[in-house]
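Close look at the chain arrangement
Chain by chain, the residues run as shown.
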Amino acid sequence: MTIDVPRTLSIFDAVSKTGNNVRVTFNYRYAPHNTKVFELIRSGAIGKVTSVHFEWCLDTFHGADYFRRWHRDKKNSGGLLVHKSTHHFDLINFWLQTRPATVYAQGDLKFYGRENAESRGVDKFYTRANGSEVAQGDPFALHLKDHEQLKALYLDAEHEDAYYRDQSVFGDGISIEDTMNVLVRYKNGAVLTYSLTAYAPWEGFRVSFNGTGGRLELEVVEHSYVNSGGEQTVEGSTSKTTLMLRQLLKQPEEIEIPSVGGAHGGGDAVLLNDLFGEPVTDEYMRAASHVDGALSILTGIAANRSIATGQVVNVDDVLRIP
Amino acid sequence: MASEVAARVRRRYALIGTGGRAIFFYTAIAQEYKATSEVVAFTDTNQTRMNYANQKLQALGHASVPTYLASEFDKMIKETKPDEVIVTTIDRTHNIYVSDGSSSESEWSRDIWCMTC
């Protein structure tokens, strides 16, 4: 939704002054597997959720792309714990129907960036791929001329605003992390351990819920993508999903997920219907507002503060949302 | 009745930002939701990008729309009177359009969408 507290406040201000609505498009809520998790937790299938372990892998195709674009500057994106993890922290808020209380985080740039490449013996560098001989030999280089849409949107447009879409992921000037670990306690007492890695060999996530009645385990492998580089309906679509329900003292059960193709785990089409289609009552209450947006990014903003200070951060001290 | 459907006014959307994420929304408006929705304006810091977005819009069977630079946002609201504003700009600027989009003079309320996907 946005990247820091002052900007969040300006959004709340605008809403209260005008009475207009702000919709935040948390498309992952709508993916069938994520909606199924909500349904199972709500039904009490694993009792009261006590802890969650959530790891997200951005691979060297999609993940690397954040280090070529405007996102690589924390002033633009708030870093991946705000920009990307907003979806993941929102999923936790949505699944558990709670909000974050305290956050501790550590984050580093350990793979991308010039210094990390130098430490691995790389000694040839470039600033942006277009026109660079060095870039020809870099498997992480994005060659805009090879992608019709990227060329039209960015290469042919850069003379107007000097925005270079193809910056080197091993260049200087990157101020976001690529390795992040976060510990969150929620108002309902549940605790989350979360990691985000942006240079993984595969794209997707694993989330496990521990409850007083058992465990729920979800693994989703996604099709990777470069934004605007290809067919949008496959961006983040799932190639494999496994949902295991392990109730205490019972046989484990694999839960079938309704198969819906399409981008972002199949959530996009359902979201679009919520946004543009005839209004229908959603039993899962997935439509999100600026309040949901704020509660999600506050986890990331608090995590950024924890990374900077080394301290546990009380989310209400960052911004108290009524 | 067919005549009632024809007379129904389509919901009007202005898109702020015409990069990769915007394509997702205007494609949906131009295709699946064309009976009930229409794009009425593009706003961006980059004219070349807006021109490309209009090309794509036309290829999808939707009429091209007026384009406004970011500095002309208020003018866009006044001239095209969107019902809803879809913001897909870089994250640090979202709040600017949420605030400006909400407060521009208008006799009707307007929903703002903040894109995160």
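Residues numbered from 1 in each chain as written. Chains lettered and ligands numbered in written order. Predicted model: local features only at pLDDT ≥ 70, side-chain atom pairs only at ≥ 80, totals over all residues.

Mean pLDDT over chain B: 85, with 78% of residues reaching 70 or higher. Our summary of model confidence lists the complex with pTM equal to 0.91 and ipTM equal to 0.87. (pLDDT = per-residue confidence, 0-100.)

So, on to the pairing of strand β5 (residues 191-200) of chain A. Residue and element names in this part refer to chain A. Here strand β2 (residues 49-59) runs beside β5; their pairing, made up of eight bridges, is parallel. Counted as the bridge partner of Ser51 is Val191 from β5. Of the strand pairs in this sheet, strand β4 (residues 179-186) and β5 are connected by seven bridges, and their pairing is antiparallel. Among the inter-strand pairings, Val184 is bridged to a residue of β5, identified as Leu192. The antiparallel pairing of β4 with β5 creates a hairpin that spans four residues between the two strands, and Gly189 there sits at a positive phi of about 95°. (Pairing = 2+ DSSP bridges. Helix = DSSP H or I, 4+ residues; strand = E, 2+ residues; numbered from the N terminus.)

This paragraph deals with the domain arrangement of chain A. All names here are of chain A. Assigned domains within chain A: domain 1 (5-111 + 174-318) and domain 2 (114-161). Summarising the inter-unit geometry, the C-alpha centres of domain 1 and domain 2 are found 30 Å apart. Each side of the interface is counted separately: domain 1 has eight residues, and domain 2 has seven residues. Split into classes, the residues belonging to the side of domain 1 that touches domain 2 amount to four nonpolar, two polar and two charged. (Domains from an automatic or database assignment. Contact = placed C-beta atoms within 7 Å. Nonpolar A, V, L, I, M, F, W, Y, C, P; charged D, E, K, R; others polar.)

What follows deals with the packing of helix α6 (residues 85-96) of chain A against helix α12 (residues 290-309) of chain A. All names here are of chain A. For the pair α6 and α12, the least separation of the axes is 8 Å and the interaxial angle reads 115°. On the basis of their axis angle, the class for α6 and α12 is roughly perpendicular. Considering the relative orientation of α6 and α12, their crossing is right-handed. Of the residues in α12, those touching α6 at Ser85, Thr86, Phe89, Asp90 and Asn93 are Asp292, Leu295, Ser296, Ile297, Thr299 and Gly300. Here the residues of the contact of α6 with α12 sort into three nonpolar, six polar and two charged. (Axes fitted to C-alpha atoms, helices over the stretch in contact; angles between N-to-C directions. Parallel < 35°, antiparallel > 145°, perpendicular 65-115°, else oblique. Left-handed = near helix turned anticlockwise from the far one by under 90°.)

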